[in-house]
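Fold and geometry: a report
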Amino acid sequence: MRIQSLIKDAQLGLLFQQGTFGLEKESQRIDRKGNIVTTAHPSVFGNRSDHPYIQTDFAESQLELITPPTKSLEDAYRWLSAIHEVVLRSLPEEEFISPLSMPVGLPPEADIQEAQFDDPKDVEYRQYLSKSYGKYKQMVSGIHYNYQISDEFIENLFNLQNEYSSLKEFQNALYMKLANNFLRYQWILLYLLAATPTVELQYFMRNGVNHSPLKEKQLVRSLRSSPYGYVNALDIVVNHDSLNEYVNSLEQLVSSGRLIAEKEFYSNVRLRGGKKARELLENGVKYAEFRLFDLNPFEPYGISLQDAKFIHHFLLFMLWIDETSGQKAVEIGKNKLYQVALENPCAETQFRNEGEQILTALIEMLKEIGVNQNEIVYAQTKLAQFANPMETINGKLIQAIQQIGSDKQLAIKLSQSYKQRAFERFYAISAFDNMELSTQALLFDLIQQGIQVELLDENDQFLALKFGEHLEYVKNGNMTSHDQYISPLIMENKVVTKKVLAKAGFNVPKSVEFTQLNQAIEHYPLFEGKAVVIKPKSTNYGLGITIFQQGVNDREDFAQALEIAFREDKEVMVEDYLVGTEYRFFVLGDQTLAVLLRVPANVIGDGIHSVRELVEIKNNDSLRGDGSRSPLKKIALGDIELLQLKEQGLTPDSIPVLNQNVQLRANSNISTGGDSIDMTDEMHESYKQLAVGIAKAMGAKVCGVDLIIPDLTQPAEPTLSSWGVIEANFNPMMMMHIFPYQGKSRRLTKHIIRMLFPEIV
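Residues numbered from 1 in each chain as written. Predicted model: local features only at pLDDT ≥ 70, side-chain atom pairs only at ≥ 80, totals over all residues. Heavy atoms only, no water.

**Some words on helix 18 (residues 494–503)**
Note the threshold: Whether a residue is buried, partly exposed or exposed follows from its accessible area with a 1.4 Å probe, protein chains only, as a fraction of its type maximum: under 20%, in between, or over 50%, in that order. Each helix is a run of H or I in the DSSP string that is no shorter than four residues. Each strand is a run of E no shorter than two, and both are numbered from the N terminus. Here the arc refers to the set of directions running from the helix axis out to each C-beta atom. Throughout, a residue-residue contact means that at least one pair of heavy atoms, one from each residue, lies within 4.5 Å. Counted as a polar contact is a pair of N or O atoms within 3.5 Å, where, for protein atoms, one must be capable of donating a hydrogen and the other of accepting one, and residues adjacent in sequence contribute only when both atoms are in side chains.
Along helix 18, the residues classified as buried are Lys494, Val495, Thr497, Lys498 and Leu501. Buried residues of helix 18 fall within an arc of 160° about the axis and therefore sit on the same side. The exposed set on the far side of helix 18, more than 90 degrees from its buried face, consists of Lys499 and Lys503. Buried residues along helix 18 sit in contact with helix 17 (486–491), strand 13 (511–514), strand 14 (532–536), strand 16 (572–576), helix 24 (685–697) and strand 25 (724–729). Sitting at the amino-terminal end of helix 18 is Asn493, which places a side-chain oxygen 3.1 Å from the backbone nitrogen of Val495. Gly505 lies just past helix 18 and shows a positive phi near 90°.

Pasting the structure below:
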C-alpha cells in the first residue's frame, strides 16, 4: 500500500497528523524503603473493575492509570498528569509510585496477591499467569500507547485510491501496515526509549533457585523487552501476513491450549476493535495499542510529552513508507528487538546504520507534512543518540544508578520527589489550573471515585459526567439540573431576593433602591449618621459593596461608595447595617453541610511596616492568588480599601502599632481578600435549619446563605436582633469550605457527587 504519494498530491499532511490518543501506565506501589507493598488496592478509588481511570493490572500492588481518548497528545498528557496527582494525594502517607519498569523491592512470591476483580474469571486468569510465568515476571510495568488514525484521513485516502473497494478492508489494511512495520522497526524506539538495564537478582528466582541468564553486574538495554521480560515463549507465533491470517492463527493458539486466551498473546502491538479477534474482521480495526515502552524514570508520569509526540511521528512514518511488512519481516524485527534489548547499553547498537537511515527519512517526512520545527529538532536529537548511546534515557539512567548506588535507591529518591511535587499545590490540579478551584476540586473527586468526565467547555467550567448509563451535566462545580431555572434569576437580583424572603417570613434588613446616582446622593440626609451597606442590586463575589459600620458621616464618602456600586449595576441598594457577625452557610437539599466565618480583609500591625507593606507580606502566602484558582484572594488597595482606611484615620503609608487590627474591607467576602474560618461544629442547629428554609424559599438545591448572627451559641429568635438574612447565593463558592484558612475541611464536592449519583455506594 503506497500512501506517501497520495498524501503529497492531495496535500493531506495536516490531516495525516490528526488522530485520537490514549495512554495507559502501569506502576508498582512502593513504601518509603522502596519495597513493593503487599496491601490491597486502596479502597478510596472505589471499584477498580469499571473505574475509567484507576485500575490494577496483575497484582493488588500494581496500579494501572488510564487516560480517556483525546484528540491531542497534549490533552492525553494532561489527563495522565491529573490522574497521577489524584493517586499520589490519595495514597497513604508512606506509599509512593515506583518510577521503574522492572520491579525492585520484590516481596516473597507468596505475599504477592493477584488483583481481586469482581469477576472471578479475571482473578482466575491472573492465577493462571502466576503458575505459567511466575509472579515476579508479571510485576513488570510499562506504558501502553493507544493510537487511532483519523477517520477523516482514512476516508479521504480511501477515496483517492483504487486498490480497495471496501472502506473497512482499506482501514484494516492500513492498520495492518502500521502494526507490521512497527514490529519490523520497533527496535529503534527500544534503543532510544529503553530504561530497564538492571533488575534485582530475586526477579530470576523460582522455587529458591536462581535462573538468571545474566552475568554478574551485566547491563542490558531493556530487560523488559528481552526474552527474559514480560513476553511469550519463543514458539508462540501469530501470522501477520494478513488480518485473516492474524485472526486465524491467534484463534488456533487458543483452541490448541497453547494460550489460555487471546489476551495472553503479549505482542508489542495489539489491534483493537472488539473483545475477540474475530470481531476485527467483522467490524474493522478501530485503533492500535503499542505496548513496547519502558517507564521513563526521569519523568513524573513515566513518559515525556516530547517522547509521546516522537512516538506518534514514528507511527506516522510506519504508514508513510512504501513497504508493507509481512510475517517474514515481522520475525526479522522481533529478532533485532531481542538482540538490541540485550546489547551493552553503553555501546553503539550493531544496527546503527539502519536506525540512522530510518530517522533521517522520518525527519524528511516531518518537513514534508509541515510538522512544527521544534518537533523536527527533537527528532534530530534522537538521531544523534545513535552516535552517543549515553545520551539515551538508558544511558542517563545507568549514570544515575551508578551515582546513587542502586536502582532501588534511585526509585526511592525519584518516587518521593514526585509525590512531594504533587503536594506543592495540594488544592489544585496542575494540568487543569485554567479552571476555577471549585471545579478542580470536583474533578479531583470525580477522577478518584471513577466517574467518567467529559470537558464540554473547559473555559466555561462545563462538564458532562457519566456513571454507567447515568448522565449528568455540571457547570461551575455545583450548578446542576437539580436546581429550578428561576432560582439563580431570583438570587442574582438582591431586591427580588429580599422581597421573596420577606414574603416567606424571614428577617431581612430594610433598604432603599436607587436607579440614578444623583438621586441616591440627594438622599444622603436620610442615612447620615446611620450604619449602612451600599451594594449593587445584582452582584457576586462582594463586588461593589461598601459598608459603613460606624455610620456614614461624610457626603463625599457616601457619594464615592454609590459610584463604586453603580459601576457594577444600574440599580443600587442602601440597606440598614445589621449588628453581629456574618456567616456563610452552604446548603445542599435538606442539610447545611458547612458554616464559615469570613473575616474581612485585614492586616495586623507590627509597629515596623506600613499598611502597604503588611498587605504585600500577607499576599506572599502561597495560598493567596486570584481567588478562583487559589483558596484565598490577594488583598488589593483599591478605592473601597482606601475608604475603609480613611474611616480608621489611616492611609496605606501609615505604620500600625503592634497587634493593631487594620480593617481593609468591611464586607467579609473571601473574593475580596478575606480569611475563612470553619464554624460548622460551633454553630447552633437552629441557624442551620433556617439556612435550609431560606434555600427552599429560593427554590435552590444548592445555595449559599449569608446570615448576620450576634451570638451563634444561642437559638434563633424571630427578630432582627437575633439574626438577619444578608444574601442568598446561587453557585456558592466551595473552595473556601474545602480549604479554609482555619478549621476543618468540608469536602463539599463529594456531597455534590452523591446528590448527582446516589447509586454510588
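That covers the picture; the talk isn't over yet.
**Focus: the sheet that holds strand 13**
Just so we agree on the cut-off: Two strands are counted as paired when DSSP detects at least two bridges linking them. Note on definitions: angles span 0 to 180 degrees between N-to-C directions of axes, and those axes are lines fitted to C-alpha atoms, for helices only across the stretch in contact.
Taken in spatial order, the four strands make up an open sheet running 13-16-14-15, and their pairing is antiparallel. Strands with a single pairing partner mark the edges of an open sheet, and in this sheet they are strand 13 and strand 15 (546–548). Direction aside, neighbouring strands of the sheet carry axes that sit 15° apart on average. Sheet topology note: the strand 14/strand 16 ladder contains five bridges and is antiparallel. Residue pairing in the sheet places Val533 in a bridge with Glu575 of strand 16.

**A short note on the packing of aromatic side chains**
Any pair of aromatic rings gets described here by the distance separating the centres and the angle formed by the planes. Worth spelling out the cut-off: Side-chain rings of Phe, Tyr and Trp (the six-membered ring for Trp) are treated as a pair once their centres are within 6.5 Å; stacked means planes under 30 degrees apart, edge-to-face means over 60, and tilted covers the remaining angles.
Enumeration according to the criterion identifies 25 aromatic pairs in this entry. Geometrically, the ring pair formed by Tyr53 and Trp79 is stacked, given 5.5 Å between the ring centres and 10° between the ring planes. Here Tyr53, found in the loop between strand 1 (19–31) and strand 2 (54–56), pairs with Trp79, found in helix 3 (residues 73–90); they are 26 residues apart in sequence, far enough to count as distant. Each member of the pair, Tyr53 together with Trp79, is buried. Grouping aromatic residues by their ring pairs yields a cluster made of Trp187, Tyr191, Phe351 and Phe386.

**A closer look at the environment of Glu759**
You can see Glu759 is positioned in the segment after helix 26 (748–756). Judged by its relative accessible area of 36%, Glu759 falls in the partly exposed class. Those residues in contact with Glu759 that lie beyond four places of it in its chain are Phe467 and His470. Within polar-contact distance, the side chain of Glu759 engages the side chain of His470 at 2.8 Å.

**Quick look at the side chain of Asp294**
Tracing the chain through its elements places Asp294 in the loop between strand 9 (287–293) and helix 10 (305–320). For Asp294, a relative accessible area of 7% corresponds to the buried category. Within polar-contact distance, the side chain of Asp294 engages the side chain of Ser222 at 3.1 Å. Within the structure, the side chain of Asp294 is placed 3.5 Å from the side chain of Arg224, a separation counted as a polar contact.

**Regarding the pairing of strand 10 (residues 452–457)**
One ladder, built from five bridges, connects strand 10 with strand 11 (residues 462–467); its direction is antiparallel. Residue pairing for strand 11: Asp457 is matched across the bridge by Phe462. Taking the residues between adjacent antiparallel strands as the criterion, strand 10 and strand 11 are bridged by four residues, where Gln461 takes a positive phi near 60°.

**Digging into the sheet that holds strand 17 (residues 581–588)**
Spatially, the five strands line up as an open sheet ordered 23-18-17-24-25, and their pairing is antiparallel. Whereas interior strands pair on both sides, the edge strands pair on one side only; in this sheet they are strand 23 (675–678) and strand 25. Across the sheet, the mean angle from the axis of one strand to that of its neighbour is 30°, orientation sign disregarded. When strand 17 meets strand 18 (residues 591–599), the two strands line up antiparallel, connected through six bridges. Residue Phe585 lies in a different strand from strand 18, and its bridge partner there is Val595.

**A word on a negative patch on the surface**
What counts is decided by this rule: Surface patches are drawn from residues lacking salt bridges whose relative accessible area is over 30%; two like charges belong together within 9 Å, two nonpolar side chains (Val, Leu, Ile, Met, Phe, Trp, Tyr) within 5 Å. For accessible areas, the Shrake-Rupley method is used with a probe of radius 1.4 Å. Any residue's cover is judged against the shown protein chains and nothing else. The term salt bridge refers to a pairing of a side-chain nitrogen on Lys or Arg with a carboxyl oxygen on Asp or Glu at a separation within 4 Å. Working convention for charge: Lys and Arg count positive, Asp and Glu count negative, and His plus the chain ends are omitted. In this description, the location of a charge corresponds to atom NZ of lysine, CZ of arginine, CG of aspartate or CD of glutamate.
On the surface, Asp50, Asp118, Asp119 and Glu124 cluster together into a patch of negative charge. In this fold, Asp118 is placed in the loop between strand 4 (95–97) and helix 4 (120–133). Overall, the relative accessible area of 54% leaves Asp118 in the exposed class.

**As for the nonpolar core**
This is how it is decided: Among the buried residues, those of types Ala, Val, Leu, Ile, Met, Phe, Trp, Tyr and Cys that are joined through side-chain atoms within 4.5 Å form a nonpolar core.
Membership of the largest hydrophobic core comes to 99 residues, with the highest contact counts inside it found for Tyr145, Leu178, Phe182, Tyr246, Leu271, Phe290 and Phe293. Ranked by the residues each element gives to this core, the list is headed by helix 7 (residues 167–193), at 17 residues. Ranked by size, the runner-up nonpolar core spans 52 residues in total, among them Phe45, Trp79, Met435 and Leu446.

**Focus: the pairing of strand 12 (residues 470–475)**
Examined bridge by bridge, strand 11 and strand 12 share six bridges and lie antiparallel to one another. The residue bridging Ala464 from the neighbouring strand is Tyr473, located in strand 12. Counted along the chain from strand 11 to the antiparallel partner strand 12, the turn is two residues long, and its residue Gly468 has a positive phi close to 65°.

**Focus: the pattern of salt bridges**
Two side chains bearing opposite charge may form a pair once their charged atoms approach each other closely. With the rule as written, the count across this model stands at 42 salt bridges. Glu85 is paired through a salt bridge with Arg89; the nearest N and O atoms lie 3.0 Å apart. Placement of both Glu85 and Arg89 in helix 3 is noted, with a separation of four residues, approximately one turn of the helix. Like Glu85, the residue Arg89 is buried in the burial classification. Between Asp639 and Arg567 there is a salt bridge whose closest N-O contact spans 3.4 Å. Within this pair, whereas Asp639 is found in helix 23 (residues 639–647), its partner Arg567 is found in the loop between helix 21 (555–566) and strand 16, the two being separated by 72 residues in sequence. The network of salt bridges with common partners includes Lys494, Lys498, Lys535, Glu575 and Glu727.

**Here's the deal with helix 8 (residues 243–255)**
In an α-helix, one turn spans 3.6 residues; hence positions three or four apart end up facing the same way. Using the following cut-off: The span one expects for a helix is its residue count, reduced by one, times 1.5 Å.
Compared with the 18 Å implied by 1.5 Å per residue over 13 residues, the 18 Å span of helix 8 between its first and last C-alpha is a close match. Residues of helix 8 that are buried include every one of Leu243, Tyr246, Val247, Ser249, Leu250 and Leu253, and no others. At its buried positions, helix 8 is contacted by helix 7, strand 8 (269–272) and helix 9 (278–283). Two residues or fewer past helix 8, Gly257 is found with a positive phi of approximately 85°.

**Things to note about the side chain of Glu60**
With respect to the element layout, Glu60 can be found in the loop between strand 2 and strand 3 (62–66). A polar atom in the side chain of Glu60 sits 3.0 Å from the backbone nitrogen of His41. Within the structure, Glu60 has its side chain in polar contact with the backbone nitrogen of Gln116 (distance 2.8 Å). Apart from residues lying up to four places away in sequence, Glu60 is in contact with Arg29, Thr39, Ala40, His41, Arg48, Gln113, Glu114, Ala115 and Gln116.

**Here's the deal with the packing of helix 6 (residues 151–160) against helix 7**
What counts here: Working definition: roughly parallel below 35 degrees, roughly antiparallel above 145 degrees, roughly perpendicular at 65 to 115 degrees, and oblique for all remaining angles. In this scheme the handedness of a crossing depends on how the near helix is turned from the far one: anticlockwise by less than a right angle means left-handed, clockwise means right-handed.
Remark: helix 6 packs on helix 7, axes separated minimally by 10 Å, with the N-to-C direction vectors making an angle of 110°. Considering the angle they form, helix 6 stands roughly perpendicular to helix 7. Where helix 6 crosses over helix 7, the two elements pack in a sense that is right-handed. Listed contacts from helix 7 to Ile154, Glu155, Leu157 and Phe158 of helix 6 are Leu167, Phe170, Gln171, Leu174 and Tyr175.

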